[in-house]
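# Observations on chain architecture
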Amino acid sequence: MNLVIIGYGGMGGYHAQKLKEYNEGKPIAPITVIGVYDIDKQRELIAQKNGYKIYSNQQEIWADKNVDAVLIATPNDVHAMYVMAASKAGKNMICEKPIGMNCLEAEQMYAFAKEANIIFSIHQNRRWDDDFLTIKNIFDNSLIGDVYCIESRVMGSNGIPGAWRKEKAHGGGMMLDWGVHLIDQMLQMVKSPIQSLYCEYSYIYGEEVDDGCNLTVNFENGIKYRIIIATDCFRNLPRWQVYGTQGTATINDWNLSGGITRVLIRDDKNLIGIKAGNGFTRTMAPRIGNSIEQIDLPIVNAEPFAFYKNFGASCLGHTENIIKPEEVIRVCKVMEAAERSAKQNIVIKDKL
Ligand SMILES: NC(=O)c1ccc[n+]([C@@H]2O[C@H](COP(=O)([O-])OP(=O)(O)OC[C@H]3O[C@@H](n4cnc5c(N)ncnc54)[C@H](O)[C@@H]3O)[C@@H](O)[C@H]2O)c1
């Protein structure tokens, strides 16, 4: 399959490199980047140096019979325009996350792709993060009993990167940037309708878009899921902390440090109180002795290049596109509800 990258910036360049590595593994459905289109001449020059054909306008791509697919890695506000044009031209597509600016746009994009009967996949790559898959393994197999609370965080200290991510008109802000990944992971893991949610946005340096958020989602099955995104934090809390009726699991970072503490005796008769600050506590005293056990994280490593493999195979008709429209639309709905909650300071009780 011959593919053209539209938007050869950070992510466009990343895909070009990763697709080379994918092809080196001699997959059943290789995907070869043959060309690039970018409105920035500097980026075009770099792409040319890297050996790619340069398309001077989008019509050239649509007219090129040699092009089977496109990968859209532009700022978020122009995803829809390219998806609709690529659909009309009958090209299969990968579009970067978030699919578009809002649910309405997403639904229109899917309608175009359906009408054209082409494969349209959204790069929800963090479904294949090892940290997520490891937590999902703990969750699915009840390794800490029944999970009742999940905390999923990403914390950086570098503010909102680049220019367009700071601007609302281009689909900037951390909810669209990172919220889309963490909400997608959440909905992949907890299979229950959402009962209510509450979200707060932060605007620490006064940008016009959110530089972080704190989203709490209550599911009908009783699970509480907290998502925290920060861009001004210099001492991080764990990437994941998951609470179950038989223990607690922590993954600190993307290097997968952490572990599981499992409870063996819930009511520890030998519990000794401790001095705590200007007082005394038994309630908050750490466990000692044999009432708990420490176990290693049951690490799950993702299948390499799983996303590209799926896209390639679904273009050949060998399998279904793994990133389902209804999943992507549901993520959009949760993001919109979170924004409404944050803007109006209200709990959203829509069934999502
Ligand atoms: N899935 C992930 O892990 C991940 C990570 C980073 C970014 N992204 C997504 O990738 C997309 C691009 O982000 P980025 O970080 O690479 O941004 P970037 O600013 O580094 O690159 C964007 C590129 O698009 C070009 N561009 C802008 N408008 C264009 C237009 N109308 N037509 C053609 N080219 C245009 C720019 O010149 C630039 O080279 C965004 O949708 C972002 O959300 C996804």
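Fair warning: this is a prediction, and the values are worked out from it, not measured in the lab.

## Re the sheet that holds strand S10 (residues 224–230)
Pairing is mixed in the open sheet, where eight strands are placed in the order S8-S9-S10-S7-S11-S12-S13-S16. Since the sheet does not close on itself, it has two edges, and those belong to strand S8 (194–202) and strand S16 (292–295), each with one partner. Going from strand to strand, the sheet's axes swing by 10 degrees on average, the running direction of each strand aside. Here strand S13 (residues 258–263) runs beside S16; their pairing, made up of four bridges, is antiparallel. Bridge pairing in S16 places Thr261 opposite Gln294.

## Concerning the pairing of S13
Sheet topology places strand S12 (residues 247–251) next to S13; five bridges connect them, and they run antiparallel. Across the sheet, Thr250 pairs through a bridge with Gly259, a residue of S13. Hairpin connection from S12 to S13: six residues lie between these consecutive antiparallel strands, with Leu256 at a positive phi of about 65 degrees.

## Some words on the environment of Tyr225
With respect to the helices and strands, the residue Tyr225 is situated in strand S10. On the basis of neighbour counts, which here come to 24 C-beta atoms within 10 Å, the residue Tyr225 falls in the buried class. C-alpha of Tyr225 to C-alpha of Ser152: the two residues are 73 residues apart in sequence and 7.7 Å apart in space. Ignoring anything within four residues of it in the chain, the contact list for Tyr225 reads Ile150, Met186, Val190, Val217 and Phe219.

## Here's the deal with the nonpolar core
One broad rule of soluble globular proteins: the nonpolar side chains tend to lie buried together. Val4, Ile5, Val70, Val83 and Met93 are the most contacted members of the largest nonpolar core, which has 88 residues in total. At nine residues, helix H7 (residues 174–189) tops the list of elements feeding residues into this core. Two domains each provide a minimum of three residues to this core, namely domain 1 (2–123) and domain 2 (127–303 + 333–344). Once residues lying within four places of it in the same chain are set aside, the contact partners of Ile5 are Gly12, His15, Ala16, Val33, Val36, Leu71 and Ala73.

## What about unusual backbone geometry?
In this chain, Lys97 is followed by Pro98 through a cis amide linkage whose omega measures -10 degrees. Within the secondary structure, Pro98 is located in the loop between strand S5 (92–96) and helix H5 (103–116). One non-glycine residue, Lys26, lies in the positive phi region at around 50 degrees. Along the chain, Lys26 falls in the loop between helix H1 (10–24) and strand S2 (32–37). Lys26 gets classed as exposed once you count the C-beta atoms within 10 Å, which come to 7. Positive phi, normally seen in glycine, also occurs at Asn345, with a value near 55 degrees.

## Section: the site of the ligand
Lining the immediate surroundings of the ligand are 24 residues, of which Gly7, Gly9, Gly10, Met11 and Asp40 lie closest. With three residues, H1 is the single largest residue contributor to the shell around the ligand. Within the shell around the ligand, the residues separate by chemical class into nine nonpolar, nine polar and six charged. Taken domain by domain, the makeup of the shell around the ligand includes at least three residues from each of domain 1 (2–123) and domain 2 (127–303 + 333–344).

## Re the sheet that holds strand S4 (residues 69–72)
Strand order in this open sheet of six strands is S3-S2-S1-S4-S5-S6, and the pairing throughout is parallel. The outermost strands of the open sheet, each flanked by one partner alone, are strand S3 (53–54) and strand S6 (120–123). Bridging between S2 and S3 involves two bridges; their strand directions are parallel. Residue pairing for S3: Gly35 is matched across the bridge by Lys53.

## Quick look at the pairing of S2
Pairing geometry for strand S1 (residues 2–6) and S2, over five bridges, is parallel. Residue Ile6 lies in a different strand from S2, and its bridge partner there is Tyr37. In terms of handedness, the path from S1 via H1 over to S2 forms a crossover that is right-handed. With helix H2 (residues 41–49) bridging S2 and the parallel S3, this β-α-β connection has right-handed handedness.

## As for the domain arrangement of the protein
For the protein, the domain assignment lists domain 1 (2–123) and domain 2 (127–303 + 333–344). For domain 1 versus domain 2, the distance between C-alpha centres works out to 33 Å. Taken together, the contact pairs eight residues of domain 1 with nine residues of domain 2. Its residues placed into classes, the side of domain 1 that touches domain 2 shows four nonpolar, two polar and two charged.

## Some words on the packing of helix H4 (residues 79–88) against H5
A pair of packed helices is characterised by two quantities: the angle between their axes and the separation of those axes. At a minimum axis separation of 8 Å, H4 and H5 run at an interaxial angle of 10 degrees. It follows from the interaxial angle that H4 and H5 lie roughly parallel. Two secondary-structure elements touch here, H4 through Ala80, Val83, Met84, Ser87 and Lys88 and H5 through Glu105, Gln108, Met109, Phe112, Ala113, Glu115 and Ala116. Broken down by class, the residue content of the contact of H4 with H5 amounts to seven nonpolar, two polar and three charged.

Quick notes on the rules
- Residues numbered from 1 in each chain as written.
- Predicted model: local features only at pLDDT ≥ 70, side-chain atom pairs only at ≥ 80, totals over all residues.
- Pairing = 2+ DSSP bridges.
- Helix = DSSP H or I, 4+ residues; strand = E, 2+ residues; numbered from the N terminus.
- Axes fitted to C-alpha atoms, helices over the stretch in contact; angles between N-to-C directions.
- Buried ≥ 20, exposed ≤ 12 C-beta atoms within 10 Å, placed from the backbone.
- Contact = placed C-beta atoms within 7 Å.
- Core = buried A, V, L, I, M, F, W, Y, C linked by C-beta atoms within 7 Å.
- Domains from an automatic or database assignment.
- Near = placed C-beta within 6 Å.
- Nonpolar A, V, L, I, M, F, W, Y, C, P; charged D, E, K, R; others polar.
- Right-handed = clockwise from strand over helix to strand, strands pointing away.
- Parallel < 35°, antiparallel > 145°, perpendicular 65-115°, else oblique.

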